[in-house]
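So you can see what is in the structure, the chains are spelled out below.
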Amino acid sequence: MENSQILQSPNDYRQYQYLTLENGLAVLLVHQADSEKSAAALTVNVGHFDDPAEREGLAHFLEHMLFLGSANYPDAGEYQHFINHHGGSHNAWTGTEHSSFFFDIDTRFFAEALARFADMFSQPLFNSEYVEKERHAIEAEFSLKLKDDGRRIYQAHKESINPAHPFAKFSVGNLSTLADTEQGSLQHALQEFFTTQYSASRMTLTLVSSLSLAQQQQYVEQYFCTLPSHLPKKPPLDVPLYLQQHQAIQLNIQPHRDTQKLVVSFALPDIQPWYRYKVISFIAHILGDEGPGSLLSLLKQQDLVNQLSAGGGIDGSNYKDFTISFELTEKGLIERDRILQALFSMLAMLKAKPLPQPLFAERQKLLHWAYLYQEPATALQTANHLSVSMQHYPVHDIIFGDYRMEQPDEALYQQVLGYFTSENMRLMLIAPGVPVQQQARWYHTPYSIDKLQPDLLAQLSNAKPDPQLRLPATNPYLDGDITLLAPDKHMDNPVCIHDEKSLCVWYKADTEFASPKGHLFVQLSLPQSLGNCRQLAATRLWVELFLDNINQQFYAATTIGLVYNLHVQRQGISIHTSGLSANQLRLLQDLLQQMLQQDFSEHRFNELKRQLSRHWRNSSKNKPVARLFSQLSALLQPQNPEIDILADALEALDFQSFIQFHQQLLQQVHIESLMLGNWTSAQAKQLTTILKQWQAKLRDTGNRLPNPQFNIQGLGPVWLQLDVEHSDHALVIYLPAQHATPEQMALFMLANHVMSPEYFHQLRTEQQLGYLVGTGYVPINMLPGIAFYVQSPTTSCDTLYEATVMFFRAFLSDTETLSAEEFAEIKHGILAQLNERDNSLGARAKRYWLALGQQDYSFALNERIVQSMQQLTLEQFTGFLQQLLLPDYDAIFLATDSKPEHSHLRFSDPQSLKQQLKQTQIDFDTTDKVI
C-alpha cells in the first residue's frame, strides 16, 4: 500500500488517495462528496502498436470482446444492460500505445458494477460465437470509415515512414486480418494476446465517488486483486519513426472531400520529459498567433491561406510530429513555396531571439488561473482523464502535470527550435488534383511521395527574418479583476431585469462553481435574415465574413480563453461570449460596434463564398445516417432547408446583391439577452445600457419573432428514399409525439432509455446487421420523439426495417411482463439522470439559454418531466408503446433504399412531403405550448 502527496488546487475540495495493490495495479481513489454518480476508468499500456504482425487490429478487437462476457457474468449483453438500467453509461477506446475502459453508474450499484468491470480484465470468456460475430462488427466499423479522410490520410502517412516502426501497422482490423489461419484460430490468438499483454503492472485504475476513500479502497482490494500480474512494465520504443529517406519529402494525397491543405511537419523526439516546461505548446502559441504581425496575418494579406493551426500531429513514447497546417486559397495552392518561405522567416526570427519571457509569463499566468479555477467535470470525465494521466506523470503530478509550466532554460528552448529545419521537415499536400502514383492499402487513398528539391531546402535554410513578422503584443485582455462573488450573491434562477417591447435582459449571479467566469448570450431577431433561402444563405455568409474581418482584432481575447461565437439561429443571429468575466463586457460592446461598421471586400466575399459552398457540398459525403438525420431536421424545421438548396442559393448570390442584403440586415431588431456567472448586479445594468445604446444606433427595432414549425399529424407513416454518396445502407425511423407536454416527454425519454441498449445488443451484437446502431431521444421544436437508426454495409433497408419491427414487438412483450418493482427500478435509472445537477457553469448557462429560447420563463420544465416520470405507471407505458406500433402512426422512415414490398407505408420524396408540411405550418409560441 502506498499514499503519496498529490498536488492539487487550493480550490479542489476532493480527497485523493494513491495506492498500489500487491499485483502491481496502480490505483487512484477520489472522494467527491457532491458527486451524483460513481465512475471508474482503467487504462492499460497496450494498443495497436502491440498487434502481432500477422493479426493487425487485434488490440482493437480485444477491446470489443472484453465487453462480451466474463466467467462470473457470461451473458454477452449483461454488462451494458446493468450499467444502462442503473442510470449509467460506458465506453472504451484503443489508441496506439494505450487502451482505456470507463463507466459511470448510480452510486448504489457501484460495487456490483465494479465486480463486473474487474471480471472483464481477469476472466474474459472470448466465447467463440461472439468472436465470429464481433469480427463482422469490426469489418462494419472498418467499412464505415473507408471514405473518412482522417483514416485515408492517416494510412498514406503510415506508408511513408520507417516500416519497422509500429505506427506503420493497420490499427482497426477487418475480416482479412482477424480470421482463423493455419497457425491457429482467432479465439486462440485473442487469449494469447490477452495473456501476453494485459497485466495489472501495465494498468492504472481511477475511481471517483461520493463514497469514502476507505469504502472505495475496500472495493478495489475486493475486486481487482485477482487481476493477472505476471508481466513487467513495457520498455519504451527504440525504433525511429523516420529514417533519413523519410525526411525532406512531400506526400501528395487526393482527399475524398473537396479540401486544400498544406501540412508542414517537423520530427521531434519524445516530448514527455519536457512536460514541466510546456515549451512545445508555447512555440505552437507563437506560430499559431492570428493577431497583427502574425504569420497568418501576412499570408492572408498575400491571399495565400485562409486559416492556420500549429502544434498538432501524432505523438508517442519516442516521437512527436509538430505540424503547422495551412488551409489554402486557390493562389496558395499554386504558390506554396511562398508559404514555406514565410514560415521559415518566422522560425528564423524566433531562433535569432532569446525566449520571449513576457509572453511566456502570460501563458504561465493563464495556466495558473486554469489550475486555480479548474473547469468542473463529471465523475466519468475525471476518472477517465486521471487514469490516462497516471500513465504519463509521476504520482505527485497526476493532477498538476497538465498545468505545470516552469520557465525552461535558454538551451532547452533553442534545442527544441533546432528541430525546425528544412532537412527535418516533411510536407503533406492534400488537394483533389495533386499528382498521384499509387494507392494506400486498406483505404485506397491515391497518393505519391516526392523528394523535396535541394535548392528549395537550401533556400528555406537560409531564410532571414521578415520585417513584417513580429511576436504577439502584450495581451490587453489580461488585466482586470477576477475576484469571486460572495457565495450569498448566488441566485437560484435568472430574473428579468429589463423588459421592453424590443429588448429583454435576464440576469443570474452564479457562485456555485467558484469560478471567475461568466457567459453572455445576445439573440438578435432579424426579420431580414430568414425570409427565404437566399436570405438564409446570405446570413450564413455574412457571419463568416464578419468573423473573418474581426479575427485579427479580437484574436488576443481568444488566446486567454475569452471566447466569442456568432451563430445563425432560427430568428437571426446569436452572440455568445464566455470566459473570465473581467473585460468580457468590453469584448461584447466591441463586437456589437463592429457589426455596425463593416466593410466587406469583394475579394474576400468570393473566397469565403467558395469556401462555404465547398463545405456545404462536402456534406453530401457524410456518412448515410448523418445525411438522413440532416434531411429529417430540414423536413421538420421551416427555416432549416436542405444543404444543397442553401448551396444553390449561395452560389447564385453576387457581391452587389450581398451588399444590399448587408445594408438591410439590421432592421426591426429585437434583442433578448442572458448574463450568467460571476457577474455583479452593476455589471448586469451595464449590459442593459450597452444593449440599449447599441439599439439606439439602429434604423428601427422590432418584436420577438415566432418560431414556425410543421405539424405532421395526420400524414400517416411515410417512407422517404434519399440518394447518398455511399455504398452503405441506412435507415432512420422517427416517431414523433402528438403533443409537447411533460407527460409525452417523459414517455419518450423512458422509451429511449430502456430500448437503447437492447436495440444495440440485438441488431448490432446478436444479429450483426450494422455497426452504427442505436436509438435517440430527438426533440424537434420542443416536440419530443424517438429515432431508431441503423447503417449497414451489407443489409438492405427492408431487412433493417423488419428487424426493427420485430425487435419492437419483442420489447413490448417483455415490457408487459415486468413487475411493478422492476418498472420502478428502471424509472429510477433515468430519474437519476434527470435529477443530475449541472456539472459546469457552461452547461448551466446553455440550459437556461435554451429554456429562454423555448419561452420557459419559469425554468421548471425539467421538474415537470421528473414529476410526470415519477407518476408514470407500467400500464401507461405499455399503452404508449402499443400506440407507437399502430399501422397509422405518424412516423417518418428515411432510407437509402426503396420501401419494403407489400408495405402499408406511403412512399414520398422530401420535396413533396415538405410541400404538404408547409400547408400545416404553425407559429410556435406560448399559446401552442404547455410551459
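In what follows, the structure referred to is the one given above.
Residues numbered from 1 in each chain as written. Predicted model: local features only at pLDDT ≥ 70, side-chain atom pairs only at ≥ 80, totals over all residues. Heavy atoms only, no water.

For the rest of this paragraph, the subject is the overall build of the chain. Counting its regular elements, the chain contains 29 helices and 28 strands. Radius of gyration (C-alpha) of the chain: 29 Å, near the 30 Å computed for a compact globule of 931 residues. Reported as C-alpha extents along the three principal axes, the dimensions of the chain are approximately 80 × 75 × 60 Å. When each of the 931 residues of the chain is scored for burial, the buried share is 60%. Put simply, of all contacts in the chain between residues at least 6 apart along the chain, 83% involve residues at least 24 apart. Looking at the chain as shown, the accessible area adds up to about 37000 Å², and 49% of this sits on carbon and sulfur atoms. In the chain, the 69 positive side-chain charges and the 99 negative ones have mean positions that sit 7 Å from each other. (Helix = DSSP H or I, 4+ residues; strand = E, 2+ residues; numbered from the N terminus. Rg over C-alpha atoms; globule rule 2.2 N^0.38 Å. Buried < 20%, exposed > 50% of the residue type's maximum accessible area, 1.4 Å probe, protein only. Contact = heavy atoms within 4.5 Å. Areas by Shrake-Rupley, 256 points an atom, 1.4 Å probe, with all protein chains shown as cover. Lys, Arg positive; Asp, Glu negative; His and termini not counted. Charge placed at Lys NZ, Arg CZ, Asp CG, Glu CD.)

Attention now moves to the nonpolar core. Ranked by internal contacts, the top residues of the largest apolar core, which has 69 residues, are Leu 524, Leu 541, Trp 542, Ile 575, Met 595, Phe 658 and Trp 694. With 11 residues, the single largest contributor to this core is helix 16 (residues 533-559). Those residues in contact with Trp 542 that sit more than four places away from it in its chain are Leu 566, Ile 573, Met 595, Phe 600, Phe 658, Phe 661, His 662 and Leu 665. With 56 residues, the next largest nonpolar core counts Leu 58, Leu 178, Phe 194 and Tyr 223 among its residues. (Core = buried A, V, L, I, M, F, W, Y, C linked by side-chain atoms within 4.5 Å.)

Glancing now at unusual backbone geometry. The phi dihedral of Ala 248 is positive, around 55°, even though this residue is not glycine. Note that Ala 248 resides in the loop between helix 7 (213-224) and strand 7 (249-253). Unlike most non-glycine residues, Phe 859 shows phi in positive territory, near 55°. The topology assignment puts Phe 859 in the loop between helix 26 (841-853) and helix 27 (861-871). Among the residues examined, Phe 859 registers a relative accessible area of 9% and is labelled buried.

Another aspect to go through is helix 12 (residues 357-372). Here helix 12 spans 22 Å end to end across 16 residues, near enough to the 22 Å set by a 1.5 Å rise per residue. Of all the positions in helix 12, only Leu 359, Phe 360, Glu 362, Leu 366, Trp 369, Tyr 371 and Leu 372 are classed as buried. Along its buried surface, helix 12 packs onto helix 8 (279-287), helix 16 and strand 19 (572-580). (Expected span 1.5 Å × (residues − 1).)

The full count for this structure, using the stated rule, is 48 aromatic pairs. Ring geometry for Phe 103 and Phe 117: centres 5.0 Å apart, planes at 70°, overall edge-to-face. Here Phe 117 lies in helix 3 (residues 110-122) and Phe 103 lies in strand 5 (residues 99-106), a separation of 14 residues in the sequence. Look at Trp 719 and Tyr 801: their rings are 6.0 Å apart centre to centre, the planes differ by 85°, and that puts the pair in the edge-to-face class. In this pair, Trp 719 sits in strand 22 (residues 718-721) while Tyr 801 sits in helix 24 (residues 797-816), placing the two residues 82 residues apart along the sequence. Among the residues examined, Tyr 801 registers a relative accessible area of 9% and is labelled buried. (Phe/Tyr/Trp six-rings, centres within 6.5 Å; stacked < 30°, edge-to-face > 60°.)

Further remarks concern the pattern of salt bridges. Opposite charge on two side chains makes pairing possible when the charged atoms of those side chains draw close. Taken as a whole, this structure holds 34 salt bridges when the rule is applied. In this structure, Glu 766 engages Lys 133 in a salt bridge whose closest nitrogen and oxygen atoms are separated by 2.8 Å. One end of the pair, Glu 766, is in helix 23 (residues 742-766); the other, Lys 133, is in helix 4 (residues 128-144), and 633 residues separate them in sequence. The partner of Asp 548 in a salt bridge is Lys 300, with the nearest N and O atoms 2.7 Å apart. (Salt bridge = Lys/Arg side-chain N within 4 Å of Asp/Glu carboxyl O.)

To continue, consider the sheet that holds strand 4 (residues 89-94). One open sheet accounts for 6 strands, arranged 1-2-6-3-5-4; its pairing is mixed. The sheet is open, and its two edges are formed by strand 1 (15-20) and strand 4, each paired on a single side. Going from strand to strand, the sheet's axes swing by 10° on average, the running direction of each strand aside. Relative to strand 2 (residues 26-31), strand 1 is paired through 6 bridges, and the arrangement is antiparallel. When the bridges of strand 2 are listed, Tyr 16 appears paired with Val 30. The strands touched by helix 3 within the sheet are strand 3 (37-44), strand 5 and strand 6 (203-209), with strand 5 carrying the most contacts at an inclination of about 160°. (Pairing = 2+ DSSP bridges. Axes fitted to C-alpha atoms, helices over the stretch in contact; angles between N-to-C directions.)

As a further point, take the packing of helix 17 (residues 584-596) against helix 22 (residues 681-696). Orientation of helix 17 relative to helix 22, taken along the N-to-C sense of each, is 5°, at an axis distance of 11 Å. Our classification of the angle between helix 17 and helix 22 gives roughly parallel. The segment helix 17 lies against helix 22, with Leu 585, Leu 588, Gln 589, Leu 592, Gln 593, Met 595 and Leu 596 engaging Gln 683, Gln 686, Leu 687, Ile 690, Leu 691 and Trp 694. Partitioning the contact of helix 17 with helix 22 into residue classes produces 9 nonpolar, 4 polar and no charged. (Parallel < 35°, antiparallel > 145°, perpendicular 65-115°, else oblique. Nonpolar A, V, L, I, M, F, W, Y, C, P; charged D, E, K, R; others polar.)

A separate point is the packing of helix 3 against helix 7. At a minimum axis distance of 9 Å, the contact between helix 3 and helix 7 shows a crossing angle of 35°. You can see that helix 3 and helix 7 cross each other, and the crossing is right-handed. Facing helix 3, whose interface residues are Ala 111, Leu 114, Ala 115, Phe 117 and Ala 118, helix 7 presents Tyr 219, Tyr 223 and Phe 224. Partitioned by chemical class, the residues of the contact of helix 3 with helix 7 number 8 nonpolar, no polar and no charged. (Left-handed = near helix turned anticlockwise from the far one by under 90°.)

Turning to the pairing of strand 2, a few remarks are in order. Most of strand 2 is tucked away: 6 of the 6 residues are buried. Alternating residues of strand 2 divide into Ala 26, Leu 28 and Val 30 and Val 27, Leu 29 and His 31, and every residue in both groups is buried. Connecting strand 1 to the antiparallel partner strand 2 that follows it, the hairpin turn spans 5 residues, and Gly 24 within it adopts a positive phi of roughly 95°. Alignment of strand 2 against strand 6, held across 6 bridges, turns out to be parallel.

This part takes up helix 25 (residues 820-834). An ideal rise of 1.5 Å per residue puts 21 Å on 15 residues; helix 25 measures up with 21 Å between its terminal C-alpha atoms. Listing the buried residues of helix 25 in full gives Phe 823, Ile 826, Lys 827, Gly 829, Ile 830, Leu 831 and Leu 834. On its buried face, helix 25 is in contact with helix 2 (78-85), helix 23, helix 27 and helix 28 (874-884).

The next point concerns the side chain of Ser 294. You can see Ser 294 is positioned in the loop between helix 8 and helix 9 (295-301). At 3.0 Å, the side chain of Ser 294 forms a polar contact with the backbone nitrogen of Ser 297. When sequence neighbours within four positions are dropped, the list of residues in contact with Ser 294 reads Asp 289 and Leu 469. (Polar contact = N/O pair within 3.5 Å; in protein donor to acceptor, adjacent residues only side chain to side chain.)

This brings us to the environment of Met 120. Note that Met 120 resides in helix 3. Beyond its immediate chain neighbours, meaning those up to four positions away, Met 120 contacts Leu 66, Phe 67, Ser 70, Tyr 79 and Phe 101.

Below, the discussion takes up the sheet that holds strand 18 (residues 563-569). Pairing within the open sheet is mixed, and its 6 strands lie in the order 15-16-20-17-19-18. Of all the strands in the sheet, just strand 15 (495-499) and strand 18 have a single pairing partner and so form its edges. Across the sheet, the axes of successive neighbouring strands diverge by a mean angle of 15°, strand direction being ignored. By the bridge criterion, 9 bridges tie strand 17 (residues 517-525) to strand 19 in an arrangement that is antiparallel. From the neighbouring strand, Lys 517 faces strand 19, where its bridge partner is Leu 580. Contacting strand 18 and strand 19, helix 16 crosses the sheet at an angle of about 175° to strand 18.

What follows deals with the side chain of Thr 382. Looking at where Thr 382 falls in the secondary structure, it is placed in helix 13 (residues 379-392). On the basis of relative accessibility, which here comes to 6%, the residue Thr 382 falls in the buried class. At a separation of 3.3 Å, a polar atom in the side chain of Thr 382 contacts the side chain of Arg 14. Those residues in contact with Thr 382 that lie beyond four places of it in its chain are Arg 14, Val 208 and Ala 377.

Turning our eyes to something else, we now look at the state of the cysteines. According to the stated counting rule, one finds 0 disulfides in the structure shown. A disulfide-free cysteine, Cys 504 has its sulfur positioned 3.6 Å from the sulfur of Cys 496, the nearest such atom. Cys 504 sits in the buried class, given a relative accessible area of 9%. (Disulfide = S-S within 2.5 Å.)

Along the polypeptide, Leu 850 turns up in helix 26. Residue Leu 850 is classed as exposed on the basis of its relative accessible area of 52%. Between the C-alpha atom of Leu 850 and that of Arg 55, which follows or precedes it by 795 residues, the distance is 49 Å.

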